[in-house]
Amino acid sequence: MDKEGFAPATMKVTMLLADAAQAIAGKLYILGGGWSVTGPDPTPMAIAIKIEVPWDQANRRHVLRLALVNEDGRPVAVPTQTGERPVELNGEFEVGRPPGLRPGTPLDVALGINVGPLPLAPDGRYVWRCSIDGNSSEDWQVAFTTRSARSSGGGEGGLSSGS
């Protein structure tokens, strides 16, 4: 608690699945965003992330980790040249306080993370979980489902054509 009796501010994370995403000059540019069903064939995807960093956590390095887990919460592993490895993305970020900004103003970090096609099982449920500095929150995640191999049809908005 601070001197006014408030708990220290925590980061807020917003995540969105997309076909592709870029972060340029603090803004997210999202193509084909907002889906939650994909496949069954391996398809590229992106995770668009907006992090709201509290004023008191600016000007220091933070460690970001994204982990892909299955519906049971177990890490998803994919084959690599050196054997199976869990799907994890790790990085660091730091946001500075621009001159003239009112003290206490939260600062935004925008990240567009593009992921190549992953060999995920059809008819599965998966979750990208985010943690920052080893901390996470229930809403710091985004889930998706892979279509079953027999129902790969889809149309606009993910609706099947009646065939």
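Asks: I tried to follow the sheet that holds strand E12 (residues 141-146) on my own but got confused; where do I start?
Replies: By definition, the strands of a sheet pair up through backbone hydrogen bonds, in either a parallel or an antiparallel sense. Read from one edge of the open sheet, 5 strands run E4-E12-E11-E6-E9, paired in mixed fashion. The sheet terminates laterally at strand E4 (37-38) and strand E9 (88-93), the two strands that pair on one side only. Bridging between E4 and E12 involves 2 bridges; their strand directions are parallel. Residue pairing in the sheet places Thr38 in a bridge with Thr146 of E12.

Asks: Explanation requested: the pairing of strand E5 (residues 45-53) in the structure shown.
Replies: Side-chain direction in a regular strand flips from residue to residue, so the side chains alternate between the two faces of the sheet. Within E5, 7 of the 9 residues are buried, leaving the element largely enclosed by the surrounding structure. Note: strand E1 (residues 12-18) against E5, 7 bridges, orientation antiparallel. If you follow Ala18 over to E5, its bridge partner there is Ala46. By the bridge criterion, 9 bridges tie E5 to strand E10 (residues 107-115) in an arrangement that is antiparallel. Bridge pairing links Val53 to Leu107 in E10.

Asks: Hey, could you run me through unusual backbone geometry in this one?
Replies: It is generally the case that most residues other than glycine have a negative phi and that most peptide bonds are trans. Across the junction of Gly39 and Pro40, the peptide omega takes the value 15 degrees, indicating a cis bond. Relative to the helices and strands, Pro40 is located in the loop between E4 and E5. The backbone of Ala25 sits at a positive phi, close to 50 degrees, despite the residue not being glycine. The topology assignment puts Ala25 in the loop between strand E2 (20-24) and strand E3 (27-31). Even without being a glycine, Asp133 presents a positive backbone phi close to 55 degrees.

Asks: When you look at the confidence of the model for the protein chain in this model, what are you seeing that I'm missing?
Replies: Where the model shows low pLDDT, its predicted coordinates should not be examined in detail. Here the protein chain averages 89 in pLDDT, while 87% of its residues score no lower than 70. Across residues 1-7, where pLDDT falls below 50, the model places 3 contacts with residues more than four positions away in sequence or in other chains. In this model, residues 155-163 is a region of pLDDT below 50 whose contacts with residues beyond four sequence positions or in other chains number 4 contacts.

Asks: Would you explain the pattern of salt bridges in this entry?
Replies: Side-chain pairs of opposite charge can arise whenever the charged atoms involved come near each other. Applying the stated rule across the entire model yields 6 salt bridges. The salt bridge partner of Asp108 is Lys50, with a shortest N-O separation of 3.3 Å. Taken together, the residues Asp108 in strand E10 and Lys50 in strand E5 connect sequence positions 58 residues apart. Under the relative-accessibility criterion, Asp108 is labelled partly exposed at 45%. With a relative accessible area of 32%, Lys50 lands in the partly exposed category. Between Glu92 and Arg61 there is a salt bridge; the shortest N-O distance is 3.5 Å. A residue pair is termed long-range when its members are at least 10 positions apart, and Glu92 in strand E9 and Arg61 in the loop between E5 and strand E6 (62-70) qualify at 31 residues. Exposure class is identical for Glu92 and Arg61. Each is exposed. Connected via shared salt-bridge partners are Lys12, Lys50, Glu52 and Asp108.

Asks: Could you clarify how one ought to interpret the nonpolar core in this entry?
Replies: Generally speaking, a soluble globular protein has its nonpolar side chains buried in company with each other. Formed by 32 residues in total, the largest nonpolar core has its most connected members in Met15, Ile51, Leu68, Trp128, Ile132 and Phe144. Going through the elements one at a time, E1, E5, E6, E10, strand E11 (125-132) and E12 are the ones with two or more residues in this core. Ranked by the residues each element gives to this core, the list is headed by E5, at 5 residues. Setting aside chain neighbours within four positions, we find Ile51 in contact with Met11, Lys12, Val13, Leu64, Phe93, Leu107, Asp108, Val109, Leu111 and Ile132.

About the thresholds
- Residues numbered from 1 in each chain as written.
- Predicted model: local features only at pLDDT ≥ 70, side-chain atom pairs only at ≥ 80, totals over all residues.
- Heavy atoms only, no water.
- Pairing = 2+ DSSP bridges.
- Helix = DSSP H or I, 4+ residues; strand = E, 2+ residues; numbered from the N terminus.
- Buried < 20%, exposed > 50% of the residue type's maximum accessible area, 1.4 Å probe, protein only.
- pLDDT = per-residue confidence, 0-100.
- Contact = heavy atoms within 4.5 Å.
- Salt bridge = Lys/Arg side-chain N within 4 Å of Asp/Glu carboxyl O.
- Core = buried A, V, L, I, M, F, W, Y, C linked by side-chain atoms within 4.5 Å.

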